Amino acid sequence: MEAMPETRRATARSFNARPLVLCAAGISLGIFLAYRLSGTLVLAAACLFLCCGFLALCFRRAALCVLLFALSAGVFRMLAALPTLPPEGACTLTGCVAEAPITKDGFTYALLYESARDGVPIDGRVQVRFPAEKARKLSCGDVISATVALRLPEAQSGTFDARAYYLSSGVTALAYARTAPRITAHRIDMRYRLSALRTRLASALEEAFGAEAPLAWALLLGDKAFLPEETYALFRDAGTAHILALSGLHVSILTGFLAWLLPKRHGVLRLLLIGLFLLGYCVLTGFPPSLVRAAVMSLAALGAPLLRRRYDAPSALALALLLLLLASPAQLFSVGLQLSFSAAAAIAMLLRPLLRLFHRLPRMLAASLSVPLAGTFGTLPLTLCYFGRLPLYSLPANLLIVPLVSLALPLALLSLPLILLFPDALFLAAPARCMLAILSRLSGVFAGLPFAALTVTAFPPAACLLLYGAMLSISQYHLRPLREKLIIASGCLAGACVFLAASAFSFPILP
């Protein structure tokens, strides 16, 4: 048979080969399998993937080979990271407080590292709950001992998997105490110094911003511990809660501001300085997945021209995911990571089709509509699956609030060091305080509209996957003709509707 010409072979492809994307997909699936399957079965699966990978290598199937090797690597990486679970029951727990304790609903919660149960070390961290009045003097760096009841997080119940949730935060066990902890020592290390710096920043924000200090703290550092529940509910129902999580929006604003300040002709120096700033920002905030993802993608976009390379968003996104999962595989189960990467992936997939849809509008207006709309499409399936709420006014709310965040964030970031240097010059924070008040008011207005947020129940994960399949099929990365792309997208949407109907009426089609 005559060999297929290179042009026909290229057009027959559905997707271009992206090794980083294949590696990220394979490692993610391997981590998921290692978590869900039993030890013997998952080891057998990993060995099978390795054998199939070598077979694909012999037949020169490079893409399949990379995917299978990444699958086995993900399995082995997750198995190596799974902690040894301690026995449950009453015990004496010792450990060092890793972060500033949080007091909520009459209880104080502390995270311990280098902890031990009756002298036996525990893998990972332990979250301890004390009565608030018993732990008033507890602070970061305290080495404590307490009599507790140790419990392990429960496995999946419904759509919520408590074990995966705590595992993604590095928490192996939960402890409940009724008596006050005994402080045996105080450790001053890098964790303590970072906590002390965060405490100083929090007090400066409280003096400068007053009632808007919790919002400024959440906006700058992504920490919503001090944000009142009713305030967060306003942003959530308005569909603008993503501005309170450090993400691409924050990084793009800050890197754009720094890139404007630094001369473009010194490209390497500018990349180095922005990289150092983003590294310090990640250290200060505790390396949240959304911030790490945005930082890696921003540095890739800035560094690609210096290497005479074209920036590729899917490859940069896959590189960020690989770095996060190789460092901590359990972060795959973090809802914040899933929302951040799904939003970024949807923007990469849908931005160009949406810009073509709005081609009659001015370019700036078309981009302002397309970016939030693509991000909303990307996070909508996961939002419905995890939270069961549909914010109906998300798009108009984001069109008004996101440009204000672009002003409020640099103003708050600039006013903070000025307040630290000149504590009496609180008027320097007035512009940022005014912008934060407007943000809060606007979110309240949208959240107060009729039918601002609809409650949706029983949204199956299979429907989520099919919706993301529909987005991928109509993206520019799918190389098939438009007619085929639309047929595949329609099939994915129809399948999602079937799963939704089956879940709503409790048909036995779902597993």
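Residues numbered from 1 in each chain as written. Predicted model: local features only at pLDDT ≥ 70, side-chain atom pairs only at ≥ 80, totals over all residues. Heavy atoms only, no water.

A. Structural detail: a nonpolar patch on the surface. Among the surface-exposed residues, Leu269, Leu272, Leu273, Leu276, Leu279, Val283 and Phe287 lie close enough to one another that they form a single nonpolar patch of about 620 Å² accessible area. Looking at the secondary structure, you find valine 283 in helix H10 (residues 267–285). With a relative accessible area of 31%, valine 283 lands in the partly exposed category. (Patch = residues over 30% accessible without salt bridge, like charges linked within 9 Å, V, L, I, M, F, W, Y side chains within 5 Å. Areas by Shrake-Rupley, 256 points an atom, 1.4 Å probe, with all protein chains shown as cover. Salt bridge = Lys/Arg side-chain N within 4 Å of Asp/Glu carboxyl O. Helix = DSSP H or I, 4+ residues; strand = E, 2+ residues; numbered from the N terminus. Buried < 20%, exposed > 50% of the residue type's maximum accessible area, 1.4 Å probe, protein only.)

B. Just the side chain of serine 298, in detail. With respect to the helices, strands and loops of the structure, serine 298 is situated in helix H11 (residues 289–306). Beyond its immediate sequence surroundings of up to four residues, serine 298 is in contact with Val251 and Thr255. (Contact = heavy atoms within 4.5 Å.)

C. View of the environment of isoleucine 347. The residue isoleucine 347 is located in helix H13 (residues 335–357) in this model. Distance from isoleucine 347 to phenylalanine 377, taken between C-alpha atoms, is 8.7 Å for residues 30 residues apart in sequence.

D. A look at the pairing of strand E9 (residues 171–177). In terms of burial, E9 is largely enclosed, as six of its seven residues are buried. Here strand E5 (residues 125–131) runs beside E9; their pairing, made up of five bridges, is parallel. By the bridge assignment, glutamine 127 is partnered in E9 with leucine 174. The pairing of strand E6 (residues 142–151) with E9 spans four bridges and is classified as antiparallel. (Pairing = 2+ DSSP bridges.)

E. Main features of the pattern of salt bridges. Under the criterion given, the structure shown has seven salt bridges. When the shortest N-O distance is used, the salt bridge between arginine 187 and glutamate 114 registers 2.8 Å. Of this pair, arginine 187 sits in the loop between strand E10 (182–186) and helix H6 (190–209) while glutamate 114 sits in strand E3 (residues 107–117), placing them 73 residues apart in sequence. Taking relative accessible area as the criterion, arginine 187 reaches 31% and is therefore assigned partly exposed. Notably, a salt bridge pairs arginine 117 with aspartate 118, separated by 3.6 Å at the nearest N-O pair. Look at arginine 117 and you get buried, because its relative accessible area is 15%.

F. Representation of the packing of helix H9 (residues 248–261) against H10. Close contact between H9 and H10 brings their axes to 10 Å; oriented N to C, the two are set at 145°. The hand of the H9/H10 crossing is right-handed. Between H9, through Val251, Leu254, Thr255, Leu258 and Ala259, and H10, the contact on the second element is made entirely by Arg270, Ile274, Phe277, Leu278 and Tyr281. (Axes fitted to C-alpha atoms, helices over the stretch in contact; angles between N-to-C directions. Left-handed = near helix turned anticlockwise from the far one by under 90°.)

G. Expanded view of helix H14 (residues 363–386). Here H14 contains 24 residues, and its C-alpha end-to-end distance of 35 Å stays within 8% of the 34 Å for a straight helix at 1.5 Å per residue. The largest bend in H14 is about 40°, located at threonine 379, with the proline proline 381 one to four residues further on. Downstream of H14 by a residue or two, glycine 388 has a phi angle that is positive, lying close to 65°. (Expected span 1.5 Å × (residues − 1). Bend = angle between axes of the 7 residues up to and from the residue.)

H. Structural view of unusual backbone geometry. One non-glycine residue, aspartate 105, lies in the positive phi region at around 55°. Secondary-structure assignment places aspartate 105 in the loop between strand E2 (102–104) and E3.

I. Local environment of the packing of aromatic side chains. With the rule as written, the count across this model stands at four aromatic pairs. Consider the rings of tyrosine 35 and phenylalanine 333, whose centres lie 4.7 Å apart with planes at 45°: the pair is tilted. Linking tyrosine 35 in helix H2 (residues 19–36) with phenylalanine 333 in the loop between helix H12 (313–327) and H13, this pair joins segments that are 298 residues apart in sequence. Exposure remark for tyrosine 35: the relative accessible area of 9% places this residue in the buried category. We classify phenylalanine 333 as buried; its relative accessible area is 12%. Summarising the aromatic geometry, the rings of phenylalanine 54 and phenylalanine 69 are spaced 5.1 Å apart at their centres and angled 70° between planes, so their arrangement reads as edge-to-face. Of this pair, phenylalanine 54 sits in helix H3 (residues 39–58) while phenylalanine 69 is found in helix H4 (residues 62–81), placing the two residues 15 residues apart along the sequence. Positioned over the ring face of tyrosine 113 is arginine 191, at 3.9 Å from the centre of the ring. (Phe/Tyr/Trp six-rings, centres within 6.5 Å; stacked < 30°, edge-to-face > 60°. Lys NZ or Arg CZ within 6 Å of the ring centre and 35° of its normal.)

J. Layout of the confidence of the model for the protein chain. When pLDDT is averaged along the protein chain, the result is 84; 95% of the residues meet or exceed 70. The least confident element of the protein chain is helix H1 (residues 6–12), whose mean pLDDT is 46; the most confident is H12, at 94. The low-confidence segment residues 1–11 (pLDDT under 50) makes two contacts with residues lying over four places distant or belonging to another chain. (pLDDT = per-residue confidence, 0-100.)

K. Examining the nonpolar core more closely. The biggest cluster of nonpolar side chains holds 74 residues, and the ones touching the most others in it are Met78, Phe209, Val405 and Leu436. Discounting residues that sit within four places of it in the chain, valine 405 has contacts with Leu219, Ile243, Leu249, Ile253, Pro410 and Leu439. (Core = buried A, V, L, I, M, F, W, Y, C linked by side-chain atoms within 4.5 Å.)

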